Amino acid sequence: MANRNPNQKPQNDNKPKFSIIALILLVIVLTFFGNQIMRLFTSSRQEQVTYDRFLSAASGDRIQSAEIGTDQIAYTLREDVDNDRKMIYYTTRLPNVDLTGVVDTMQANGVEFTGVQAEDDTFSFLFSWVIFPILLFLIFSLIMRMVANRAGGGGGLGGIGNIGKSKAKMYMEKETGVTFRDVAGQDEAKESLVEIIDFLHNPKKYTAIGAKLPKGALLVGSPGTGKTLLAKAVAGEAHVPFFSISGSDFVEMFVGVGASRVRDLFQEASKVAPAIIFIDEIDAIGRSRDSKFGGNDEREQTLNQLLAEIDGFDSSKGVVILAATNRPEVLDKALLRAGRFDRRIVVDRPNLEGRYQTLLVHTRNIRLAEDVDLRKLAQATAGAVGADLANLVNEAALRAVRMGRQAVNQQDLLVSFETVIAGTEKKGTVLTDMEKRIVAYHEVGHALVAALRKHSQPVSKITIVPHTSGALGYTMQMPEEEKYLNSKEELLIQLQTLLGGRAAEQTVFGIQTTGAANDIQRATELARRMVTQFGMSDKVGLMALAATQSEYLDGQAYMDCAQTTAATADDEVRALLNTCYEDAKQLLRDNRSLLDEIALYLLQKETITGDELMAYVNADSHRLPASETEEAQ
Ligand code: ADP
Ligand code: ZN
């Protein structure tokens, strides 16, 4: 039987089903070979003999008893009975041979004999036409389910005749019960989501004016920063059902199943609209179709179905799709086009205040000892995300129980932080104190050079909270007003600003770190364009050494000049960078106390706004009017 199903492999994860199959096999074996097995267990031995031996035994009056069936004759011998041996002989009956003669002889000899009803025949008829097909069907459906489980990761096809209809993976909550109160920090993200909530509350208010709301928003952020939580909170605040599905579920599925699941998902959601559809890890399906990793038919089909559904549904009904990813750069451009996920909401790692709030949320139902200082804990956990903090609090509670205490104390929390962070690969995002100081000075270096040179607020935000993109800290530039012309002086200030980070590291700590790699790259590109394209170097003059290949290829340029000229250009680029670097260092040395003050403030708060930065700079310039003259040189 097992040979009929070569693709049926032992499934460790399907033990109950596997035992069902074993049971079925047992039934089959028993029905097929039951007679023989029964004979094995009866105390009498048996022997298959030839028909002529039966005939000679019958004519020689050696038979004690006989059973004559339609196919088989079984008999015992007098000599065995006399010798106390229990032997049964059986032979196959010859077809179409009349047994009358033999029967007469046996009767004459006083043999006990009887005919055996052909009940075996009805049974085998039943078996081959009724039982066997049923068994076959059962086994087949079990195998189908197993294969589907393996492909769908447990979703199952819901039995035969229901292929692709499974909703096991799609998960729906009528009322999530999560509100914005449960999401700590993330104020910017919440702000962007408020409008969506309002829309879900009252779609008519928007459609009456003719406003079209975005169909979807993309939540971008590292794992554990609370993207799922935010999506649930949106559903909870708006009191609408929450449908969720994860992109990674579509990987390794049968071709076509993913697409039909997407279709189901949208169907179900629009039936109960207004509703939220949440697609976690959308990069698993939405990865760029022309990526170098080769195509994947299933993913492509699923993605196309998703695009079709997004375009197809009527947003006035109030279905809003939220999708989460931590790798927005790999997403297919088609997903980001207008009318699809054109809104991007950044869910960053929490800063000091955010971490404190998160700890508050998660200790709401925890009994804390007197000595617990959540602010201190927040300070110690720079770089940790919300999920880490939730995990930390729980670990601490477990530890307190292990220690037989009635409440969680500070020690529990601090020790748990070590285990939570050490146990994961997140070490890179938690900076040591020294690293934090270097990053703070580096970022303030950029910002301060820009502020002092431009006499205006250069940045909107400075942070030393590691960013999703991998940067340890960053300085968010002010949105520049549209500018088509830049003077050489402005470009020089840009160069100094770019090099200001390294300048601060060097000035304050006397070290050079890898953190400046990106700055140096960008500064070099800019300086090279100034020399080879903008005619801003005296040695090279007005000659264009590089030509832009195509307007459309990101303005990439290739060198178009003699090698000696190219070498001169290189020298000029280096000289330009060096001058700007020295200028930046000098500027920071002249304003060292200001640099220290701001860096210290940033270290404390982890994120400061451009306004706060300018408050320091302006206060300083009033104190030291002399610095005006320095800047002018
Ligand atoms: P993501 O979807 O970004 O990977 P989740 O939303 O699944 O992260 O977060 C996992 C858990 O971490 C949440 O269930 C919650 O307990 C906790 N968490 C994350 N961010 C926050 C936050 N901002 N406030 C409160 N808890 C948070
Ligand atoms: Zn930098």
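See the structure above.
Residues numbered from 1 in each chain as written. Chains lettered and ligands numbered in written order. Predicted model: local features only at pLDDT ≥ 70, side-chain atom pairs only at ≥ 80, totals over all residues. Heavy atoms only, no water.

## Remarks on the pattern of salt bridges
Under the criterion given, the structure shown has 20 salt bridges. Here Arg502 makes a salt bridge to Glu505, at a shortest N to O gap of 3.5 Å. Of this pair, Arg502 and Glu505 both sit in helix α18 (residues 488-509), separated by three residues, roughly a single helical turn. Note on Glu505: relative accessible area 1%, which makes it buried. Among the salt bridges present, the one from Asp571 reaches Arg574, with a minimum N-O distance of 3.5 Å. Of this pair, Asp571 and Arg574 both sit in helix α20 (residues 563-590), separated by three residues, roughly a single helical turn. (Salt bridge = Lys/Arg side-chain N within 4 Å of Asp/Glu carboxyl O. Helix = DSSP H or I, 4+ residues; strand = E, 2+ residues; numbered from the N terminus. Buried < 20%, exposed > 50% of the residue type's maximum accessible area, 1.4 Å probe, protein only.)

## Some words on the site of ligand 1
The environment of ligand 1 is formed by 16 residues, the closest being Gly224, Lys227, Thr228, Leu229 and His362. Here an oxygen atom of ligand 1 sits 2.7 Å away from a polar atom, N or O, in the main chain of Gly224. With respect to ligand 1, the backbone of Gly226 contributes an N or O atom lying 3.1 Å from an oxygen atom. Here ligand 1 loses 79% of its free accessible area of 550 Å² to cover by the protein chains. Residue assignment for the shell around ligand 1 shows that the elements contributing at least two residues are α8 (227-238), α13 (352-362) and α15 (386-402). Within the shell around ligand 1, the residues separate by chemical class into six nonpolar, eight polar and two charged. (Near = heavy atom within 4 Å. Polar contact = N/O pair within 3.5 Å; in protein donor to acceptor, adjacent residues only side chain to side chain. Areas by Shrake-Rupley, 256 points an atom, 1.4 Å probe, with all protein chains shown as cover. Nonpolar A, V, L, I, M, F, W, Y, C, P; charged D, E, K, R; others polar.)

## Overview of the sheet that holds strand β2 (residues 63-68)
Pairing is mixed across the open sheet formed by five strands, whose spatial order is β1-β4-β3-β2-β5. Looking along the sheet, the strands with just one partner apiece sit at the ends: β1 (45-48) and β5 (112-115). Neighbour-to-neighbour, the strand axes of this sheet turn through a mean angle of 20 degrees, independent of strand direction. Here β2 pairs with strand β3 (residues 72-77) via five bridges, running antiparallel. Bridging across to β3, Ala66 finds its partner in Tyr75. (Pairing = 2+ DSSP bridges. Axes fitted to C-alpha atoms, helices over the stretch in contact; angles between N-to-C directions.)

## Notes on the sheet that holds strand β7 (residues 216-220)
The six strands lie next to each other as β6-β8-β9-β10-β7-β11, forming an open sheet whose pairing is mixed. Of all strands in the sheet, those bounded by a partner on one side alone are β6 (171-173) and β11 (343-346). Averaged over neighbouring strand pairs, the angle between their axes works out to 20 degrees when direction is ignored. Of the strands in this sheet, β6, β7, β8 (242-246), β9 (275-280) and β10 (319-325) are in contact with α8, which crosses β9 at around 170 degrees. (Contact = heavy atoms within 4.5 Å.)

## Digging into the coordination of the zinc ion (ligand 2)
The zinc ion (ligand 2) binds to the protein through His442 (NE2), His446 (NE2) and Asp519 (OD), with metal-donor distances spanning 2.0 to 2.1 Å. Every donor residue of the zinc ion (ligand 2) comes from the same chain, spaced as H-x3-H-x72-D. Of the two residues, His446 sits in helix α17 (residues 433-454) while Asp519 sits in helix α19 (residues 517-532), which places them 73 residues apart along the sequence. (Donors = N, O, S within 2.8 Å, 3.2 Å for Na, K, Ca; no water.)

## Concerning the packing of α13 against α15
Where α13 meets α15, the axes come as close as 9 Å, and the angle between the chain directions of the two elements is 40 degrees. Classed by the angle they form, the pair α13 and α15 counts as oblique. Of the two possible hands of crossing, α13 and α15 adopt the one that is right-handed. On α15, the residues touching Arg355, Thr358, Leu359 and His362 of α13 are Gly386, Leu389, Ala390 and Val393. Split by residue class, the contact of α13 with α15 holds four nonpolar, three polar and one charged. (Parallel < 35°, antiparallel > 145°, perpendicular 65-115°, else oblique. Left-handed = near helix turned anticlockwise from the far one by under 90°.)

## A word on helix α6 (residues 187-201)
Given a rise of 1.5 Å per residue, 15 residues ought to cover 21 Å, and the 21 Å separating the end C-alpha atoms of α6 matches this to within 8%. Remark: the principal bend of α6, roughly 30 degrees, maps to Leu193. Here α6 has its buried residues at Ala189, Lys190, Leu193, Ile196, Ile197, Phe199 and Leu200. Along its buried surface, α6 packs onto α7 (203-209), β7, α8, β9, β10 and β11. (Expected span 1.5 Å × (residues − 1). Bend = angle between axes of the 7 residues up to and from the residue.)

## Some remarks on the nonpolar core
Leu448, Leu495, Ile598, Leu613 and Val617 are the most contacted members of the largest nonpolar core, which has 48 residues in total. Looking at this core, the elements with two or more residues in it are α17, β12 (459-463), α18, α19, α20, α21 (592-605) and α22 (610-623). No other element matches α17, which puts ten residues into this core. Residue contacts for Ile598: discarding those within four places in its chain leaves Val444, Leu448, Ile608, Leu613, Tyr616 and Val617. Counting 28 residues, the second largest nonpolar core, distinct from the first, contains Phe180, Phe199, Tyr206 and Ala324. (Core = buried A, V, L, I, M, F, W, Y, C linked by side-chain atoms within 4.5 Å.)

## Observations concerning the environment of Tyr601
Mapped onto the elements of the fold, Tyr601 is located in helix α21. Considering only alpha carbons, one finds Tyr601 and Leu613, twelve residues apart in sequence, at a separation of 9.5 Å. When neighbours within four sequence positions are excluded, Tyr601 is seen to be in contact with Ile608, Glu612 and Tyr616.

## Focus: the packing of α18 against α20
Their axes nearest at 7 Å, the elements α18 and α20 cross at an angle of 60 degrees. One way to sum up the angle between α18 and α20 is to call them oblique. For the pair α18 and α20, the sense of crossing is right-handed. Here Leu492, Leu495, Gln496, Leu499, Gly500, Arg502, Ala503, Ala504, Gln506 and Thr507 of α18 lie close against α20, whose contacting residues are Leu576, Leu577, Cys580, Tyr581, Asp583, Ala584, Lys585, Leu588 and Arg589. Along the lines of polarity and charge, the residues of the contact of α18 with α20 split into eleven nonpolar, four polar and four charged.

## A look at the environment of Val540
Mapped onto the elements of the fold, Val540 is located in the loop between α19 and β14 (546-548). Ignoring anything within four residues of it in the chain, the contact list for Val540 reads Val531, Leu545, Ala569 and Glu572.

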